[in-house]
Amino acid sequence: MKLLAPLLMAAALAAPVLPAFAAGDAPAAAKKPDLAKGEASFTAVCAACHGADGNSAIAANPKLSQQHPEYLVKQLQDFKSGKRNDAVMKGFATALSDDDMKNIAYWVASKAAKPGFAKDKDLVALGERIYRGGIADRNIAACAGCHSPNGAGIPAQYPRLSGQHADYTAKQLVEFRDGKRANSIQMTQVAAKLNDKEIKAVADYIAGLR
C-alpha cells in the first residue's frame, strides 16, 4: 500500500482537467440559421439579380432556390476571399459575415425551384449522353455520377443543377475549362476535356432536368 499511494497520486496529477458545467449545461451547439434575417438580407442584397425567391428570371444569373445551403455558403466565402473571381459578387460577399451567409443560404434553399426547359432539340440527345454516360474514350465522367440522375446533386458536396439556366451553366463550364474559375479542381479537370458544342449541349440538357 505504501508503494501504491504515490502511484495513485501521480496518476491523479497527470489526469487532464475537464471543464466543469453547471447542472443542465452542455457545450455550445452550432448556431442555427436565422431564416427571418436570411430573408431580409436576401431581399436587400440578392433579390434584384436572383429573383425574390431565388428563381432568377435572368439567364445570366443562377437560380439559387432549393440549392444546397452548404454549397451556397462555400461559394459566398470563395467570392469574399477571391478564390472564385467575380468583381460583382466579391463586392456583395465582402459585406456579409459568416452568419449572414448562413442565414441567406438556408433561407433561399428553403424556397422551391421552378423547373426549366431544354430549348435546343438538335443538341439535347448529345447533352443527355454526356450527362448520363460521359464520354468514355476521352475519360470524361458522367455528370450524373456527382450531380445525380435528376440533377438534385449531393448535399454539402455537389450542387443541384436541375432546371438551371443553360446560359449560366455553359458560362461556368467555359470558365472552368479556361481557368477563369478555379475553385473546383474536379470541375476544371472535367471541363478541360469538353468542346464548345458539348458544353452547350450538356448545359441545355441540364436546364430541362427535373
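Refer to the structure above for everything that follows.
Bear in mind that the values here come from a model prediction, so they are computed numbers and not experimental data.

Visitor: Describe the overall build of the protein, with residues and values.
Guide: Across its full length, the protein carries 10 helices and 0 strands. Moving toward the C terminus, one meets the helices and strands of the protein in the order α-α-α-α-α-α-α-α-α-α. Out of the 210 residues belonging to the protein, those deemed buried represent 38%. Across the protein, every contact between residues at least 6 apart in sequence was considered, and the portion connecting residues at least 24 apart equals 64%. Of the roughly 12,500 Å² that the protein leaves accessible, carbon and sulfur atoms contribute 62%.

Visitor: Account for the nonpolar core, naming residues and giving values.
Guide: Grouped together as the largest cluster of nonpolar side chains are 21 residues, with contacts concentrated most on Tyr-131, Val-202 and Ile-206. Only α6 (124-133), α8 (166-178) and α10 (196-207) provide two or more residues apiece to this core. Here the element with the most residues in this core is α10; it accounts for 6 residues. Excluding residues within four positions of it along the chain, Tyr-131 makes contact with Ala-142, Cys-143, Ala-144, His-147, Ser-148, Pro-149, Gly-151, Leu-161, Val-202, Tyr-205, Ile-206 and Leu-209. Among the nonpolar cores identified, the runner-up in size contains 15 residues, and Phe-42, Ala-47, Leu-72 and Trp-107 belong to it.

Visitor: Could you give me a rundown of the packing of aromatic side chains, with the residues and numbers involved?
Guide: One pass over the full model with this rule turns up 2 aromatic pairs. Ring centres of Phe-42 and Trp-107 lie 5.2 Å apart, and the angle between their planes is 45 degrees; this geometry places the pair in the tilted category. Pair noted here: Phe-42 is in helix α2 (residues 35-50) and Trp-107 is in helix α5 (residues 98-109), with a separation of 65 residues, a long-range link. Aromatic pair Tyr-131 and Tyr-205: ring centres 5.7 Å apart, planes at 50 degrees, arrangement tilted. Of this pair, Tyr-131 sits in helix α6 while Tyr-205 sits in helix α10, placing them 74 residues apart in sequence. With respect to class, Tyr-131 is no different from Tyr-205; both count as buried.

The rules behind these values
- Residues numbered from 1 in each chain as written.
- Predicted model: local features only at pLDDT ≥ 70, side-chain atom pairs only at ≥ 80, totals over all residues.
- Heavy atoms only, no water.
- Helix = DSSP H or I, 4+ residues; strand = E, 2+ residues; numbered from the N terminus.
- Buried < 20%, exposed > 50% of the residue type's maximum accessible area, 1.4 Å probe, protein only.
- Contact = heavy atoms within 4.5 Å.
- Areas by Shrake-Rupley, 256 points an atom, 1.4 Å probe, with all protein chains shown as cover.
- Core = buried A, V, L, I, M, F, W, Y, C linked by side-chain atoms within 4.5 Å.
- Phe/Tyr/Trp six-rings, centres within 6.5 Å; stacked < 30°, edge-to-face > 60°.

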